[in-house]
Every structure is written in C-alpha cells, then in structure tokens.
Amino acid sequence: MTTPAGTDLFARGETPADDGEDPGASLLLTVLVPTRNEADNIPTLLDRLGSAVTGIRAEIVIVDDSDDTTPAVVAECAARCPVPVRLIHRTAGARKGGLSTAVIDGARRARGQWLLVMDADLQHPPEAAVSVARAAFRRDVDVVIGTRYAGGGSTGTGLTGVHRSMVSSTTTRLVRSLFPRRLATVSDPMSGLFAFRAAAIDLDRLDPVGFKLLLEILVRHPSARVAEVAYQMDPRHAGDSNASLGVGLAFLRHVVRLRRARLAGQLRSGPVTAAERFQQLWRMIAFGLVGLSGLAVNTAALWALHSAAGLHHLLGAALATQASTLWNFALIELLVYRRKGNGTWRGRGARFLTMNNALLLARLPVLQVLVWTGTDVLVANAGTLVLLFLVRFLFSDRVIYAAGSVSGRDPVHLLIDHSPAVIAAATTRKRSTYLKYRYDVAGTVTIGSQILLPELEFFRAQWIADDQVDIAVRVGDVGTRGPRRRASMTEHLNPTVLRYEEHFGRIGANFLVELGKPINIVVGPLLARSPHVVYTNVVEALLRFVLVARGRMLLHSACVSLDGVGVMLSALTDTGKTATVLRLLRDHGGRFLSDDMTVVSADGTAVCFPKPLTISSHTLRAVNATDLTGKEWRRLQWQSRLHSKGGRSLALTLSRFNVPIMGINAITQMLVPPPKYSVDRLVPCRMGSSTRVSELFIIERGTPAVHDLDHGTTLERMIENTDDAYGFPPFRYLAPAITVDGLGYQELRAKEREILAGFLDHVRTRVVASDRFGWADVIPSLIGAQPVAALAQRAPVDGWPNWGTHEVIASEGVVA
C-alpha cells in the first residue's frame with residue numbers, strides 16, 4: 001500500500017495490519033531497523049537477527065531511505081528469515097528528519113507490543129539487541145536501553161578512532177548535564193539500541209531531528225520507567241557511517257530546542273496550566289504567611305522558656321518548635337490545604353511533626369554556632385527557621401499533602417549486565433560463614449542465617465546442617481567503597497546475581513542475592529543490624545517464590561480456627577485485620593495460625609505462619625493485655641504510630657525520591673523498633689499447626705454490609721492484597737529477576753495463581769464492610785449460619801516436624 005511515508009512492501013506475503021485486526025493482538029515484538037544504503041549488511045543482519053528472535057512472536061520492519069539496491073536485497077533475504085519481514089521504502093520527498101522520523105514511521109505501523117530499535121550496520125549485535133528486548137519483556141518498565149557506559153558495556157571497536165570516541169563521550173556528558181534529573185538513571189542517552197513499550201510512548205508528542213530519537217523519547221516522556229542492558233558495541237560490518245558535520249549541527253540544534261522547551265515547562269506528562277501554576281504559587285504564599293505566624297509563636301515560646309524560665313537555649317528551642325509545629329499544622333491543614341491530602345489528618349500531622357523535628361536536629365548546631373558568634377538567641381533561632389522555609393514547603397506540598405505532582409521517574413538505576421567478570425565475592429575481608437540460626441518453614445523451605453530472624457522464631461530447627469538450607473543469609477561487604485549519586489539494582493547473568501547498592505557505599509543498606517542452590521544472600525553491616533528489614537524486604541520476597549516452586553503459596557492473610565472451622569481473613573495493609581484476629585481470639589476462643597502471612601496449598605489446607613504481631617494504632621483498641629508492663633504500654637503508644645499506615649505511607653512517598661530509602665528504613669527500625677509481640681502475650685489463646693479453610697472473609701472499611709464474592713473476583717482480590725504487602729522497595733526491582741528451580745518470575749506468578757485458585761475452590765468468600773472496626777462482631781454469626789457437615793470430612797496434615805518444644809497434636813491440627 002502507499003502512504004505519505006512511501007511504499008509498504010509485505011515481503012513475505014504478510015497482510016496489512018489495518019485490515020481490522022488488533023495490531024498488538026498476536027505479536028510481542030517489532031524490530032525496527034532504519035536503513036540507508038545498507039545493501040551489503042542486510043543478508044548478515046537478517047540471518048543473525050532471524051536466529052536471535054526465534055521463539056519470540058516477532059516481526060522485523062525495515063524502514064528504508066536508500067537509493068541503492070537495499071529494497072531488492074531485503075525482498076530476497078526475507079524469504080529465508082524465520083520471522084515476518086516487512087519493508088517500508090520512503091521516497092526521497094518523505095525522508096525529512098532522517099533516521100528518527102524513519103523509526104517513527106515504522107512505529108506507527110508496528111504490530112508488536114514492544115518496539116526494538118537497532119542499526120542495520122551490525123554495530124548493535126543482533127544477539128545483544130534481542131537480549132535488550134528479552135529484558136524488557138520481564139521488567140515493569142517502559143524503556144530499556146542498550147548501554148555502552150555501564151557495567152560490562154563498552155564501545156569496544158565500534159567507534160573507530162579517538163575522534164569518534166571523544167565525540168560520543170562528550171555529547172553524552174553534555175546531554176546528561178543539560179537534563180540532570182530526567183537522565184539521572186540513564187548512562188547512555190545517546191544510544192541507538194533501545195526498546196520501548198508501544199502503549200507507553202505517545203508518538204504524536206515526538207518531534208525529532210537526526211539520529212538521537214532516544215533522547216527525544218526520554219525528555220518528552222519524563223515519567224517513563226527506564227532500565228539499561230550493558231552490551232559491547234561491534235565494528236561496522238560494511239559500508240560507511242552516515243555521520244557528518246551537518247548531522248552534528250542538527251543534533252546540537254535539537255538539544256537546544258529540547259532544553260528550551262523543558263525550561264518552558266512543556267515536557268511534563270501533560271501541559272502545566274496557568275491555573276496549576278497559580279494554585280502552587282498561592283499555596284506557597286499561604287504557607288509562608290502561616291509560617292510567619294508560626295515564627296511569632298516560636299519566638300514567644302522561646303522567650304518564655306529561655307529568657308523568662310531560664311531553660312538552656314537549645315532545650316528552649318526544641319520545646320518551642322513543638323508549640324509552633326502544632327500551631328502551623330492546624331492552620332495549614334484547615335486554611336491552606338483544607339483537609340485534603342495524603343491519608344488521614346492524624347497521619348499528616350504525624351508526618352508534619354516528624355519533618356519539623358528532623359529539621360530541628362539540623363537547626364540546633366547552626367543555632368549554637370550563631371550564639372557562639374554573639375548573635376542574640378531569638379534572632380539566631382528566627383534566622384534558622386527562615387532559612388529552612390523552602391524545604392518545609394516543598395516537603396509538605398509534595399510529600400505530606402502530595403498537592404504538587406510527584407514525578408513518576410524511577411529513583412533507582414536498573415542495570416542488566418551480561419558480563420560475569422563483574423561478579424566477585426562481596427566479602428573483601430575474612431568473615432565467618434557459619435549459619436548460627438536455622439529454620440524449617442512449614443516443612444517446605446529451610447533457611448540458615450547469621451542474623452537472628454525473629455519473624456521465623458517459631459520455625460527454629462537447629463538440627464539442619466549448613467549445607468542443607470535452601471536460603472542462606474550471611475553478613476559481608478557489598479558494593480563499591482565510595483558513595484553513589486543514587487541507588488542501583490544490578491542484575492548479573494551466568495550465574496544470576498542481584499546487587500542492590502545505596503548512596504553511602506559499603507556503609508549503606510546494600511545486599512546481594514545469588515540465585516542458585518542454595519540461594520545465597522549477603523547483607524551489608526547496616527542491614528545486618530536491622531533484622532526486620534532484612535527479613536521483610538529481602539528474605540520473605542525470596543521465600544514467597546521458593547514456596548511457590550514447592551507447590552505452596554505465602555498468602556497475605558490471617559488464619560484462625562473457631563470451633564473447629566478454619567477461618568481466613570484478608571485485607572489491604574492496615575485495614576484492621578490484626579485487631580479483628582485479636583478480638584476473635586479474645587472473645588470467642590479458638591486457635592491461632594497466622595496474622596500476616598499464611599502458607600496455603602491447592603487442596604484448601606492452611607499451615608501456620610505465626611510471626612510476631614505488629615501492633616498499629618487502631619489495633620490498640622482490641623488489646624487488653626495484662627502481661628505488658630507500663631513501660632511497654634507507653635512505648636507502644638508512639639511505636640504504633642510510627643509503624644502504622646501513616647508512617648509506611650510517608651516511607652513509600654519518600655521512596656519515589658532520590659533518597660537511601662532502605663538505609664532510612666533500617667536506621668528507623670534500629671532506633672525505634674516496630675512494636676512486635678507474640679500473640680499469646682496479647683490475648684489468651686492456643687496455637688494451631690494446620691486447618692482446612694472453609695470460610696474466607698475479606699474485610700474492608702465502608703458502610704456496613706456483607707455480600708458473597710465469586711471465585712474469579714476473589715482470586716484477583718487475594719493477589720492484589722498479597723502484592724500490596726510487597727509494595728516497599730526494592731521488591732519490584734528484585735522480583736522480576738528471580739528464578740527458582742528453573743522457573744522464571746512470570747512462570748512463578750502463574751503457578752502462584754494456580755495454587756491460589758485451587759485453594760479457593762474449597763472456600764466460600766464474603767466481603768464484610770464496617771465503618772467502626774466491627775468485623776469481629778459480625779464474623780462469628782456468619783460462621784454459625786453456614787453448614788459445617790463437610791468439615792467433618794477434613795483430614796489432618798501429616799508429616800510436619802516437631803518445631804522446637806511444641807507438641808503437634810495431629811488429630812486436631814493443634815500445637816499444645
């Protein structure tokens with residue numbers, strides 16, 4: 001067919017994509033190859049590329065601007081290619097814009113869900129190009145770049161001569177300096193080898209010139225998520241480069257135009273309206289006026305505490321900050337943001353208080369220095385408050401209230417490196433390898449650790465030998481010595497090793513995972529001091545998929561046995577599941593199996609996973625524990641607030657910025673440990689080992705109601721609730737690279753769904769909504785209303801080991 005771009009030749013008898021069929025329905029990948037007089041390269045290109053994409057639902061689209069015999073060579077070679085080859089030949093009048101517009105013309109006719117762009121001169125090895133595409137398929141990103149400047153990547157002999165190498169490196173540094181925020185996680189923004197998700201890139205937004213389409217895509221799609229794959233550039237196979245002085249000047253004009261448009265605010269995901277700018281300016285002015293009134297309150301309080309009462313000026317400043325913080329928050333909440341923002345007003349208040357006290361720690365040394373220089377205490381205090389105004393406003397506006405747009409850019413540099421040479425032992429000094437603590441989780445997965453993991457204490461099994469564990473956790477030095485500009489996750493292949501590094505070099509919260517038999521985890525010294533972070537953010541993510549490979553699922557749910565009936569509760573994090581479990585056990589007896597995670601099988605069996613309970617603020621209402629000391633009760637009041645939904649919400653918001661979030665989390669857990677207690681310290685109860693679940697209640701907040709839920713919807717809700725428990729970084733960077741017993745991440749997810757679907761076949765599901773945390777009042781009556789004859793047929797689960805000193809009563813599935 002003929003289009004403004006020229007002639008579209010379906011070289012192997014393919015039919016056009018505009019005949020009514022969905023262009024993305026059958027193909028996963030379209031390989032886009034722009035060509036200009038590449039007749040000598042086409043045979044080798046199609047031979048190697050066709051072999052490389054074998055096994056992928058793919059097509060090759062060649063967009064040709066040639067004046068030689070390239071179209072005829074493509075037509076001849078396409079017959080031998082194992083995948084469909086399409087040729088779009090652009091006539092001389094349709095070639096404006098050069099290579100970039102050729103790619104866009106091809107992209108408009110592509111039928112793949114992913115589009116892979118590469119050169120025809122074989123400087124981009126087809127095998128390396130397809131590895132970029134395969135990385136894209138399994139990563140939750142929008143753009144995957146083949147990089148020459150990170151990991152094992154190299155220009156090799158691809159850039160002939162010192163001059164071309166210098167030009168390439170200089171222009172790369174130039175564009176990264178001109179777009180420092182957008183290109184912060186991109187090492188090679190000038191690469192010609194990249195893949196992008198068709199649905200994520202708006203082709204109409206692009207206006208490229210010349211060769212560097214990738215830069216255009218990245219800058220005009222600032223929210224696109226990016227990963228990189230290291231590759232080594234090869235020399236040109238045949239012919240001459242199309243680069244010239246004119247091409248270089250066109251590139252410079254293009255960069256200037258992009259930078260000018262970026263400064264004008266035109267390159268967001270959407271245009272910035274005048275109304276949005278006015279609203280932000282108004283919030284800043286109003287925030288400043290409130291701040292001035294707070295400054296008066298702070299100064300008056302400091303005068304009363306220091307000048308009148310005689311307190312030390314630093315103590316007076318700390319106490320005055322509490323008074324002005326409460327004053328400022330009340331006015332900001334009511335007048336500036338009008339009760340609209342992230343979470344509840346209590347959560348916003350807690351985050352505002354945390355922010356001001358964190359800034360107080362930064363202010364006090366400056367205040368002391370000013371006092372030493374002879375500055376009046378009140379003047380020095382006011383000066384430090386004024387200096388931090390912009391920090392307080394930006395943090396409040398973007399994090400606490402999220403009124404400004406928070407960028408979707410990924411703060412972590414994600415790199416897939418095929419070079420095994422980079423993989424070396426993480427430990428640089430002699431350390432013991434002995435695994436002091438060993439655990440047998442539900443008789444299915446064994447774990448050895450040099451760190452005590454309190455969440456697994458119920459499963460202690462010291463009889464397991466070091467060489468028998470499925471997962472080994474050791475302490476070592478991970479990463480480079482020096483600091484980094486941002487966190488990075490590097491995936492090495494052959495063998496698969498995942499290395500996560502944060503900003504502070506080896507003293508940061510770094511870890512390494514080697515996926516093999518066993519799975520070896522090495523955590524840095526900082527993480528080793530926070531076992532809860534090690535378990536929750538690293539170990540449990542791996543445990544989840546090892547269990548799946550063994551035919552079981554770690555389901556985010558609570559499980560109890562009430563009058564012999566297996567009852568499971570599920571909810572999104574911090575809905576009120578723990579409080580409901582405690583009330584059911586306190587008011588109705590029963591046996592406890594789990595609160596946070598439950599091990600389930602496709603036959604409807606649930607096995608206990610009794611981690612210590614984390615007590616959040618709303619859970620306090622259900623706790624009437626007589627065993628807790630007065631000191632524990634007082635500590636629980638503020639521990640529960642920091643580790644509640646509001647605290648996690650703040651942490652998740654911070655994780656979208658370029659901060660060492662794992663390190664912050666680890667230090668926070670060290671200074672203020674989460675309030676964790678064994679269930680039998682909180683309410684009298686007995687422990688169960690296993691049960692056949694017949695009742696599943698999904699609890700949620702809302703107008704009181706009860707209704708049944710069908711199997712398919714239940715499956716999706718339970719997957720959603722489980723995924724919600726793994727929302728904290730770095731799970732989404734770690735998980736797609738996980739391979740267990742030969743099963744990749746997508747295969748593991750599919751098997752996890754199969755296990756859950758089988759489990760739900762044995763369960764009736766109902767949704768119970770309450771606006772007053774009243775689920776424990778409703779659930780027992782709902783259980784009693786159901787027939788239980790089928791429950792008499794349930795059989796005990798045999799074969800479980802004797803965990804520690806607990807006695808397993810197999811006939812009742814109860815641990816005495």
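The shown structure was predicted, so the numbers you read here are calculated from the model rather than taken from an experiment. (Residues numbered from 1 in each chain as written. Predicted model: local features only at pLDDT ≥ 70, side-chain atom pairs only at ≥ 80, totals over all residues. Heavy atoms only, no water.)

Student: Just checking my understanding: could you explain the overall build of the protein for this structure?
Tutor: Along the protein, the regular secondary structure elements total 23 helices and 31 strands. Expressed as a percentage of its 816 residues, the buried residues of the protein come to 54%. Residue pairs in contact within the protein that sit at least 24 positions apart in sequence constitute 75% of those at least 6 positions apart. As displayed, the protein offers around 34,400 Å² of accessible surface, 58% of which is attributable to carbon and sulfur atoms. (Helix = DSSP H or I, 4+ residues; strand = E, 2+ residues; numbered from the N terminus. Buried < 20%, exposed > 50% of the residue type's maximum accessible area, 1.4 Å probe, protein only. Contact = heavy atoms within 4.5 Å. Areas by Shrake-Rupley, 256 points an atom, 1.4 Å probe, with all protein chains shown as cover.)

Student: Help me understand the packing of helix α1 (residues 42-52) against helix α2 (residues 70-78) in this model?
Tutor: Packed helix pairs are specified by the crossing angle of their axes together with the interaxial distance, meaning the distance between the axes. Between α1 and α2, the least distance of the axes is 9 Å, while the angle of their chain directions is 35°. The hand of the α1/α2 crossing is right-handed. Packed against α1, whose contacting residues are Ile 42, Pro 43 and Leu 46, the element α2 presents Thr 70, Val 73, Val 74, Cys 77 and Ala 78 at the interface. Across the contact of α1 with α2, the residue classes tally to seven nonpolar, one polar and no charged. (Axes fitted to C-alpha atoms, helices over the stretch in contact; angles between N-to-C directions. Left-handed = near helix turned anticlockwise from the far one by under 90°. Nonpolar A, V, L, I, M, F, W, Y, C, P; charged D, E, K, R; others polar.)

Student: Just checking my understanding: could you explain empty space enclosed by the protein for this structure?
Tutor: Think of a ball as big as a water molecule: rolled over the atoms, this probe shows where empty space is left. Inspection of every chain in the model, using the stated rule, returns two cavities of 30 Å³ or more. In this structure, the largest cavity is lined by Arg 139, Asp 140, Val 141, Val 226, Asp 410, Val 412, Leu 414, Arg 732, Tyr 733 and Pro 736. Split by residue class, the lining of the largest cavity holds six nonpolar, no polar and four charged. The computed volume of the second largest cavity comes to approximately 50 Å³. (1 Å grid on protein atoms, 1.4 Å probe; cavity = no way out; pocket = protein on both sides within 12 Å on 5 of 7 lines; lining within 4 Å. Points joined across faces, edges and corners; volume = space filled by probe spheres on them.)

Student: How should helix α14 (residues 531-549) be read in this particular structure?
Tutor: Every α-helix carries 3.6 residues per turn, so stepping three or four residues along brings you back to the same face. Between its first and last C-alpha atoms α14 spans 25 Å; for 19 residues at 1.5 Å apiece the expected length is 27 Å, and the two agree. In terms of residue burial, α14 counts as a mostly covered element, since 17 of its 19 residues are buried. At the C-terminal side of α14, Gly 551 shows a positive phi close to 90°. (Expected span 1.5 Å × (residues − 1).)

Student: I would appreciate a short explanation of the state of the cysteines in the present structure.
Tutor: Note on terminology: disulfide describes a covalent bond linking the sulfur atoms of two cysteines. Taken as a whole and assessed by the stated rule, the structure comprises zero disulfides. No disulfide involves Cys 77; its nearest neighbouring cysteine sulfur is the one of Cys 81, lying 9.2 Å away. Cys 608 takes part in no disulfide bond, and the closest cysteine sulfur, belonging to Cys 559, lies 9.5 Å away. (Disulfide = S-S within 2.5 Å.)

Student: Could you clarify how one ought to interpret the environment of Ala 200 in this entry?
Tutor: If you trace the backbone, Ala 200 turns up in the loop between β8 (194-197) and α6 (213-220). Sequence spacing of Ala 200 and Ala 224 is 24 residues, and the spatial spacing of their C-alpha atoms is 7.3 Å. The contact partners of Ala 200, leaving out residues within four places of it in the chain, are Asp 142 and His 221.

Student: Honestly, the nonpolar core in this entry has me stumped. Any pointers?
Tutor: Judged by nonpolar contacts, the single largest core of 158 residues is most densely connected at Ile 60, Ile 447, Phe 511, Val 513, Ile 521 and Phe 609. Every residue in contact with Phe 511, bar those within four places of it in the chain, is listed here: Val 478, Met 489, Leu 498, Arg 499, Tyr 500, Val 522, Val 523, Leu 527, Val 538, Met 662, Pro 730 and Leu 734. Ranked by size, the runner-up nonpolar core spans 34 residues in total, among them Val 63, Ile 104, Leu 183 and Leu 213. (Core = buried A, V, L, I, M, F, W, Y, C linked by side-chain atoms within 4.5 Å.)

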